[in-house]
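# Residue-level structure breakdown
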Amino acid sequence: MNDEQLLRYSRHILLPQIGIEGQEAILAARVLVVGAGGLGSPAALYLAAAGVGTLVLADGDTVDLTNLQRQILHSQEGVGRLKVESGRDSLARINPLCQVEAISQRLEGSLLEDQVAAADLVLDCSDNFATRHAINRACVRHRKPLVSGAAVRFDGQVSVFDLRQPAAPCYHCLFPEGEDVEEVRCAVMGVFAPITGIIGTVQAAEALKLLAGCGETLNGRLLLLDALSMDWRSIRLQKDAGCLVCSGM
Ligand SMILES: [Zn+2]
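Summary of the structure given here. (Residues numbered from 1 in each chain as written. Predicted model: local features only at pLDDT ≥ 70, side-chain atom pairs only at ≥ 80, totals over all residues. Heavy atoms only, no water.)

As a further point, take the packing of helix α4 (residues 40-49) against helix α9 (residues 193-212). The geometry of α4 relative to α9 is characterised by a closest axis approach of 7 Å and an angle of 40° between their N-to-C directions. One finds that α4 runs oblique with respect to α9. Where α4 crosses over α9, the two elements pack in a sense that is right-handed. The residues of α9 that touch α4, namely those facing Pro42, Ala43, Tyr46 and Leu47, are Thr196, Gly197, Gly200, Thr201, Ala204, Ala207 and Leu208. (Axes fitted to C-alpha atoms, helices over the stretch in contact; angles between N-to-C directions. Helix = DSSP H or I, 4+ residues; strand = E, 2+ residues; numbered from the N terminus. Parallel < 35°, antiparallel > 145°, perpendicular 65-115°, else oblique. Left-handed = near helix turned anticlockwise from the far one by under 90°. Contact = heavy atoms within 4.5 Å.)

The next thing to look at is the sheet that holds strand β5 (residues 145-152). Strand pairing in a sheet is mediated by backbone hydrogen bonds. Such pairs are either parallel or antiparallel. In spatial order, the strands read β3-β2-β1-β4-β5-β6-β7-β8; together these eight strands make up an open sheet with mixed pairing. Two strands in the sheet have a free side with no partner beyond their single neighbour: β3 (99-103) and β8 (231-236). The average angle at which neighbouring strand axes cross in this sheet is 15°, direction not considered. Pairing geometry for strand β7 (residues 221-226) and β8, over six bridges, is antiparallel. Paired with Arg221 across the strands is Arg236, a residue of β8. The strands touched by helix α6 (residues 109-118) are β1 (30-34), β2 (54-58), β3 and β4 (121-124); relative to β1, the strand with the most contacts, the crossing angle is about 140°. On the sheet, α9 packs against β1, β4, β5, β6 (155-162), β7 and β8 and is oriented at approximately 170° with respect to β5. (Pairing = 2+ DSSP bridges.)

Here we take up the packing of aromatic side chains. Per the counting criterion, the structure on display carries three aromatic pairs. A network of ring pairs unites the aromatic residues Phe161, Tyr171 and Phe175 as a single cluster. (Phe/Tyr/Trp six-rings, centres within 6.5 Å; stacked < 30°, edge-to-face > 60°.)

Structure below.
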């Protein structure tokens, strides 16, 4: 680290759980953030500010006026622009040392595989089950830690699937695909603005802990927030021995 970096990251370096070594791991990391919306906004802002070396931001959408109520990576001038380009500009204003790679399309197929394989860690900040399951399958295949968040109305949930560990459950163990689960998307549902900020920020915190190797993550736990009562609950998750995605891995 040079003098500027030592100053910029000094409040992390002062934490014995992170220190120089942890901060260097953060600086060397390549993190994939899928979705530059409500969850991806705070997650990417904190990861860039905290010094993640390379952030890959993937989103095929453009900034819409209805996004600005909660998607704090974007501003009024960004309306109509690609979210990943608006996002890259915002992140560069906060930390020009963070390299941002913008992928302006929905991440799927071989592009998803390649990006997951190249990443040290993946944040699922998407808003639909098809993408969530595709990201999970790629993370299981490449044994990458997955930090998954979701938020709608006043409800949020967040978990870590540390798929480097053979005993870790995957997203599919928790939400088997094809089950009759109601798809509730922020795009069409109401969403309380700060709930996406809270959950996306927890995702950033878990990602930084995973990179720095400190503390105990949400691996094997699902954290649930009801923001109307501001009640947090945490439930233990088990690997499903019959899971079609991760059993036998
Ligand atoms: Zn599974």
